[in-house]
Structure formats: structure tokens, C-alpha cells
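Examining the three-dimensional arrangement
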Amino acid sequence: SRDIAQVLSDLQRYTLFLERIPRTLKHELSNPMSAIQTSLELLSDEKDPVQQARLRATAERGIQKLESTLAKVTEAASLEEALRDEEKRPFNAVQVAQNALDAMALSAPDRHFVLDAPDARVVLLGHDLRFEQLLDKLLDNARDYTPVDGRIRVVLRNQITHADLMVENDGPPISGAAAADAFQMFTGTRNDSTGVHLGLGLYVVRVIAESMGAEVSMENTERGVRVAVRGFTVP
């Protein structure tokens, strides 16, 4: 019964993916392609060197957006297969989390980052680089919604039989429908810094979390939003 339920759940996700991908990719690819086409058409008749440079820069930005879109889709499409082939080993999640927070604090000095981990070691079974990838996606997501001088808090708890991770940020609440759908492929709640809006970041979080035995959810708090990843496998 559980196997059948899992197959049906996977089938539902795949059907949703097939429904969303044409509409999403059409939108995401058409904008940069239009910018490239327009810039090249104007460039052929433009004599002013300053205007030529501006048009070339616009075309280059369009190409960068296309490359970013294709890279994100490729990453998401190959992730589940890659995770199945990776060897799991113990690692200290507290150290990985501290490194990720330190790196994010450098890129976003106008936010306050806090690590709440009472235990110096919270050992998980998985791949430390994948856990770092998961954290990077969550921190990027939290940073985009956190106002200047707001707080982003990472919580790690060793629950004996498993471990939990929470990333909380100050900011506006999320609707129930958006929270329930946030971790599906091609569903997103915001634009990222490149302007590419594929809704893949939290999907990657879910896939990595599930590969390590955990489940993801999103909920509102008094200060903002919490993404909870509960049930990480411990050695």
C-alpha cells in the first residue's frame, strides 16, 4: 500500500511537471530572446559607439539569462539520479551550517544571521556538499524576503533518532496555498537576483532533504516565515 501511494505521488508530481514546463519555459526563454533579437536588429543600424556598447551589453545579459535558465533546469532534472548514486557518510551539520552562514553574511551584510545549535555536533548521514547546497537555497530564499536589518535564524536540533533543521526569516507571511505548493518544480514565490523565475530552489531543497530521510514544510511565524526540514537520518 505504501509503495503504491508513493508511485501515485510521484506520478502526480510528474504530471504537474509536464503541465507546467511548457508555460514556464516559454515565459522564461521568450523575454531574454526578445531582448537579444531587438538588440541585434538595432545594432546593425547603430553608428554611435556608446549606443553600440549599450546594445551589446543588453544582448549579453539576455544570453546570460538563457544560460542561467538552462543550467537551473539541467541541475533540477539530473539531481534525483545523481543523489541515488552518491555514497552517504556521517558529517557535522553544525560546521557546514556555520560555514554557509558566514559566506551568506559576507554577501548580505545588511541582514543579521544567527545560528541556534545547542550541540557543537549534530551528525547527519548523507553528503556534506548536498547539505550545504540545501542550506544555500534556503538562505537565498530567506534573504530575498528579509527586509534590511532583518534577522535570518538557522536552527539545528539533534532529536536522538533524527535531526531537524529550521530556517526562519523576518518578513511578510506566506499564504497557505503558496506554502503547500512551494516545493514543487516550476512553482516559485519570487524572482531571484538574475530575473530568472523557475521556482527550482525549493524544489532542490525538497529533493535533497528526501534523499537524507527528511520532509520539508513551510509555515508562518510571529516574525515571518519558517522552512522546516524534519527527520534527517542520523548514523
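Going by the structure above, here's the rest.
Throughout this description, residue numbers start from 1 for each chain and increase along the sequence as written. In keeping with the model being predicted, local features are shown solely for residues with a pLDDT of at least 70 and side-chain atom pairs are shown and tallied solely at 80 or more, while totals for entire chains, interfaces and linings include all residues. For the side-chain quantities, the full set of heavy atoms in the structure was used; hydrogens and water were omitted.

**Points about the overall build of the chain**
Numbering of helices and strands runs from the N terminus, with a helix taken as a DSSP run of H or I at least four residues long and a strand as a DSSP run of E at least two residues long. When its secondary structure is counted, the chain shows 6 helices and 7 strands. Each helix (α) and strand (β) of the chain, taken in turn from the N terminus, gives the series α-α-β-α-β-β-α-β-β-α-α-β-β. The buried share of the chain, reckoned over its 235 residues, is 38%. Excluding contacts between residues fewer than 6 apart, the proportion of contacts in the chain whose partners are at least 24 apart in sequence is 71%. Accessible area is worked out with a 1.4 Å probe on protein chains only. A residue is then buried under 20% of its type maximum, exposed over 50%, and partly exposed in between. Whether two residues are in contact is decided by their heavy atoms: any pair within 4.5 Å suffices.

**Focus: the environment of Asp-116**
Looking at where Asp-116 falls in the secondary structure, it is placed in strand S2 (residues 112–116). Its relative accessible area of 19% is what places Asp-116 among the buried residues. Whenever two N or O atoms come within 3.5 Å, that pair is a polar contact, provided that in protein one can donate a hydrogen and the other can accept it, and provided that, for residues adjacent in sequence, both atoms are side-chain atoms. Polar side-chain contacts of Asp-116 include one of 2.5 Å to the side chain of Arg-153.

**A short note on the sheet that holds strand S4 (residues 151–158)**
For two strands to count as paired, DSSP must find a minimum of two bridges between them. If you walk across this open sheet you meet the 5 strands as S2-S4-S5-S7-S6, and the pairing is mixed. Taken across any chain shown, the strands that pair with only one partner, and hence form the sheet edges, are S2 and strand S6 (215–220). Within the sheet, the average angular offset between the axes of one strand and its neighbour, ignoring direction, is 15°. Relative to strand S7 (residues 224–232), S6 is paired through 6 bridges, and the arrangement is antiparallel. Fitted lines through C-alpha atoms give the axes, limited to the stretch in contact for helices. The angle between two N-to-C directions lies from 0 to 180 degrees.

**Focus: the packing of aromatic side chains**
Aromatic pairs are defined between Phe, Tyr and Trp rings, using the six-membered ring for Trp, whenever the two ring centres lie within 6.5 Å; interplanar angles under 30 degrees are classed as stacked, those over 60 as edge-to-face, and all others as tilted. Enumeration over the complete set of coordinates arrives at 2 aromatic pairs. Measuring from ring centre to ring centre gives 5.6 Å for Phe-91 and Phe-131, while their planes differ by 50°; the resulting arrangement is tilted. With Phe-91 in strand S1 (residues 89–92) and Phe-131 in helix H4 (residues 128–145), this pair connects stretches of sequence that are 40 residues apart. Phe-91 sits in the buried class, given a relative accessible area of 8%. Given a relative accessible area of 0%, Phe-131 falls into the buried group.

**Examining unusual backbone geometry**
Not every positive phi belongs to a glycine, and Asp-149 is a case in point at roughly 70°. As for its position among the elements, Asp-149 is in the loop between H4 and S4. The phi torsion at Ile-160 lies on the positive side, around 70°, for a residue other than glycine. Position of Ile-160 among the secondary structure elements: in the loop between S4 and strand S5 (163–170). For Ile-160, a relative accessible area of 72% puts it in the exposed group.

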